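# Structural features, examined
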Amino acid sequence: MGLVDDLINGDRKAAAKLITIIENDTNKAREIIPLIYPCTGNAHVIGVTGPPGAGKSALIEKLTGELRRKDKTVGIIAVDPTSPFTGGALLGDRIRMQELSMDKGVFIRSMGTRGNLGGLARATNDVIRILDAFGRDVIIIETVGAGQADVDIMHAVHTSVIVMVPGMGDDIQAIKAGILEIGDIFVVNKADKNGVDRTVMELEMMLDISDRFTKGESTVGARPKMDKGWRPPVIKTIATSGVGVPDLQGKIEEHMEYMRRTNILQMQEKKRIENELMAIIRNRMTEHTMERIKDGEYDELVQKVVTHELDSYSAADEILRSCH
Ligand SMILES: Nc1nc2c(ncn2[C@@H]2O[C@H](COP(=O)(O)OP(=O)(O)O)[C@@H](O)[C@H]2O)c(=O)[nH]1
Ligand SMILES: [Mg+2]
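This one's a predicted model, so the numbers in the text were calculated from it and none came from an experiment. (Residues numbered from 1 in each chain as written. Chains lettered and ligands numbered in written order. Predicted model: local features only at pLDDT ≥ 70, side-chain atom pairs only at ≥ 80, totals over all residues. Heavy atoms only, no water.)

So, on to the packing of helix 2 (residues 12-24) against helix 3 (residues 26-36). Running from amino to carboxyl end, helix 2 crosses helix 3 at an angle of 130°, the nearest separation of the two axes being 5 Å. Of the possible angle classes, the one that applies to helix 2 and helix 3 is oblique. Contacts from Leu18, Ile21, Ile22 and Asn24 in helix 2 reach Thr26, Lys28, Ala29 and Ile32 in helix 3. Partitioning the contact of helix 2 with helix 3 into residue classes produces five nonpolar, two polar and one charged. (Axes fitted to C-alpha atoms, helices over the stretch in contact; angles between N-to-C directions. Helix = DSSP H or I, 4+ residues; strand = E, 2+ residues; numbered from the N terminus. Parallel < 35°, antiparallel > 145°, perpendicular 65-115°, else oblique. Contact = heavy atoms within 4.5 Å. Nonpolar A, V, L, I, M, F, W, Y, C, P; charged D, E, K, R; others polar.)

As structure tokens, this is what we get:
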């Protein structure tokens with residue numbers, strides 16, 4: 001396919017076109033991904049997550065600047081609908097983002113949140129591969145980290161950065177379980193505001209008492225936490241001025257080096273691939289079954305379960321029996 005060759009040769013238009021194609025059509029993704037797969041596996045994928053307004057987009061903008069100074073090419077995927085990258089947020093922020101996108105070494109793409117959630121995570125995964133094959137050194141994904149799709153996306157990254165702001169004490173309490181599991185680096189942004197040290201301290205304390213280092217392999221989600229040797233750092237930043245961003249960039253690099261050195265990178269990759277493969281098989285089996293089921297039979301069986309004439313296990317047995 002011409003487009004794929006163009007992509008691998010670094011053609012931006014081809015990248016944009018291919019992303020649109022795979023975003024809209026799973027069947028096309030099935031044709032395209034096998035062609036580009038041999039050219040993937042080189043990018044460092046970074047997830048940036050946190051509540052709306054925390055400064056994720058501003059931080060990504062500055063981080064991208066830092067990476068560009070180090071001659072690294074960057075791909076940005078915005079899954080957050082309020083992101084300046086996706087057209088949300090304030091005009092000033094949006095203009096800064098547009099300036100960023102003038103740089104040929106930066107490729108920005110936003111993901112539609114329409115469609116089903118599983119679809120979003122799938123599409124994001126495929127977009128990562130496109131940008132990887134396109135030759136981006138670093139791929140940054142912005143997500144609000146709220147729904148299941150966000151969590152799934154975070155499981156697909158190498159390094160996850162959790163962005164918080166001062167005064168989030170109660171919120172930290174509320175979300176800590178999930179967030180401590182997935183965070184590799186914690187950022188307390190808006191360090192120009194009151195209460196930053198307190199938030200840093202609270203986070204440090206939570207990380208100290210967290211059982212993530214004693215539990216061994218995580219049972220939560222797809223992302224195995226076998227990295228007992230990595231204590232997530234907590235970094236203060238002011239995204240609007242760039243204070244703390246070089247430090248953040250350094251820690252991100254350190255994390256990747258750590259993952260490589262300890263082989264955790266390979267183990268995570270294997271686990272990720274197993275999960276992805278199972279999801280694909282599950283989808284295909286379901287498709288296969290639903291295509292073969294006779295008109296009305298499915299509704300009929302559902303109705304029977306509703307009226308307690310049948311239970312769902314037996315209904316599933318009947319469906320599978322009649323479809324094979
Ligand atoms: N005072 C202050 N404002 C910030 C800082 N970082 C971001 N902002 C502002 O906070 C608002 C939300 O930022 P944005 O990057 O869009 O947040 P996002 O929703 O997490 O992506 C914007 O108006 C930013 O200019 C910071 O470190 N200090
Ligand atoms: Mg944003």
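It is worth spelling out the sheet that holds strand 6 (residues 185-188) at this point. Each strand in a sheet pairs with its neighbour through backbone hydrogen bonds, running either in the same direction (parallel) or in the opposite one (antiparallel). In spatial order, the strands read 3-2-4-1-5-6-7; together these seven strands make up an open sheet with parallel pairing. Strands with a single pairing partner mark the edges of an open sheet, and in this sheet they are strand 3 (106-110) and strand 7 (234-236). The mean angle between the axes of side-by-side strands here comes to 20°, regardless of whether they run parallel or antiparallel. Pairing of strand 1 (residues 44-49) with strand 5 (residues 159-164), which is carried by four bridges, proceeds in the parallel orientation. (Pairing = 2+ DSSP bridges.)

Here we come to the pairing of strand 6. Along strand 6, one buried face is formed by Ile185 and Val187 and the opposite face, lined by Phe186 and Val188, is buried too. Where strand 5 meets strand 6, four bridges bridge the pair, whose relative direction is parallel. Note on strand 6: the bridge partner recorded for Ile162 is Phe186. With three bridges joining them, strand 6 and strand 7 adopt parallel strand pairing. Pairing of Val187 across the sheet is with Ile235, part of strand 7. (Buried < 20%, exposed > 50% of the residue type's maximum accessible area, 1.4 Å probe, protein only.)

Another point: the site of ligand 1. The full set close to ligand 1 counts 18 residues, and Gly53, Lys56, Ser57, Ala58 and Asp192 are the nearest of them. The contact in question runs from an oxygen atom of ligand 1 to an N or O atom on the backbone of Lys56, over 2.8 Å. Residue Ala239 places a main-chain N or O atom 3.0 Å away from an oxygen atom belonging to ligand 1. The dominant element in the shell around ligand 1, judged by the number of residues it contributes, is helix 4 (residues 56-69), at three residues. Partitioned by chemical class, the residues of the shell around ligand 1 number seven nonpolar, five polar and six charged. (Near = heavy atom within 4 Å. Polar contact = N/O pair within 3.5 Å; in protein donor to acceptor, adjacent residues only side chain to side chain.)

Our focus in this paragraph is the coordination of the magnesium ion (ligand 2). Bound to the magnesium ion (ligand 2) on the protein side are Ser57 (OG) and Glu142 (OE), at distances that span 2.0 to 2.2 Å. Within this pair, whereas Ser57 is found in helix 4, its partner Glu142 is found in strand 4 (residues 138-143), the two being separated by 85 residues in sequence. Just as Ser57 is buried, Glu142 falls in that class too. (Donors = N, O, S within 2.8 Å, 3.2 Å for Na, K, Ca; no water.)

Take the packing of helix 4 against helix 10 (residues 245-261) next. Where helix 4 contacts helix 10, the two axes come as close as 9 Å, and the packing angle between them is 70°. As summarised for this structure, helix 4 and helix 10 are arranged roughly perpendicular, according to the angle between their axes. On helix 10, the residues touching Leu59, Lys62, Leu63, Glu66 and Leu67 of helix 4 are Val245, Pro246, Leu248, Gln249 and Ile252. Here the residues of the contact of helix 4 with helix 10 sort into seven nonpolar, one polar and two charged.

Counting residues in each nonpolar core, the largest one holds 31 residues, and the members touching the most others are Ile140, Val161 and Leu248. Tallying contributions element by element places helix 10 first for this core, with six residues. In this structure Ile140 touches Ile46, Val48, Ile60, Leu63, Thr64, Leu67, Val74, Gly75, Ile76 and Ile77, once residues within four positions along its chain are discounted. If you look at the next biggest cluster of nonpolar residues, it comprises 30 residues, including Leu18, Ile19, Val45 and Val157. (Core = buried A, V, L, I, M, F, W, Y, C linked by side-chain atoms within 4.5 Å.)

Interpretation note: all reported values are geometric properties and have no functional meaning in isolation.
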